[in-house]
Amino acid sequence: MSRYSDVQKAVRVEKLRIWFAWMCGGWVGLGVIIASQDIRIVSVVTQVVFGGLGIVATVVAVRMTSALNRRAERERRAVLGDDFPG
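Bear in mind the structure is a predicted one, so any value in this text is a computation, not a measurement.

1. What about a positive patch on the surface?
Link 1 in the chain: Together, R63, R70, R71 and R74 make up a region of like positive charge exposed at the surface.
Link 2 in the chain: The residue R63 is located in helix α2 (residues 40-80) in this model.

2. Some details on a nonpolar patch on the surface
Link 1 in the chain: On the surface, W19, F20, W22, M23, W27, L30, I34 and V62 cluster together into a nonpolar patch covering about 820 Å² of accessible area.
Link 2 in the chain: When residues in the nonpolar patch are grouped by element, the largest group, seven residues, is from helix α1 (residues 2-35).
Link 3 in the chain: Secondary-structure assignment places W22 in helix α1.
Link 4 in the chain: Judged by its relative accessible area of 38%, W22 falls in the partly exposed class.

3. Considering the packing of aromatic side chains
Link 1 in the chain: All told, the structure shown has one aromatic pair when counted by the stated rule.
Link 2 in the chain: When the centroid spacing of 5.4 Å and the interplanar angle of 75° are considered together, the rings of W19 and W22 count as edge-to-face. Of the two residues, W19 and W22 are both situated in helix α1; the distance of three residues between them amounts to about one turn of the helix.
Link 3 in the chain: We classify W19 as partly exposed; its relative accessible area is 30%.

What counts, and at which threshold
- Residues numbered from 1 in each chain as written.
- Predicted model: local features only at pLDDT ≥ 70, side-chain atom pairs only at ≥ 80, totals over all residues.
- Heavy atoms only, no water.
- Patch = residues over 30% accessible without salt bridge, like charges linked within 9 Å, V, L, I, M, F, W, Y side chains within 5 Å.
- Areas by Shrake-Rupley, 256 points an atom, 1.4 Å probe, with all protein chains shown as cover.
- Salt bridge = Lys/Arg side-chain N within 4 Å of Asp/Glu carboxyl O.
- Lys, Arg positive; Asp, Glu negative; His and termini not counted.
- Charge placed at Lys NZ, Arg CZ, Asp CG, Glu CD.
- Helix = DSSP H or I, 4+ residues; strand = E, 2+ residues; numbered from the N terminus.
- Buried < 20%, exposed > 50% of the residue type's maximum accessible area, 1.4 Å probe, protein only.
- Phe/Tyr/Trp six-rings, centres within 6.5 Å; stacked < 30°, edge-to-face > 60°.

See below:
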């Protein structure tokens, strides 16, 4: 049972790291967009670039979180058995 508990704790920590990095990247992008807001063409370019990067980063974070959930599920099934409800 300790094996599953260790994996569950590791998954929780990794999810926290993923979403913390996502949030920090969003704040940095927002800061760059606000800083370049008075320059005409650069403002449009940075908004488009950081908007695209934000979408890509969100998709990547969700996929990484889903992969961690699948790994935790595999470990749970290995410890508790395939016929365990849930």
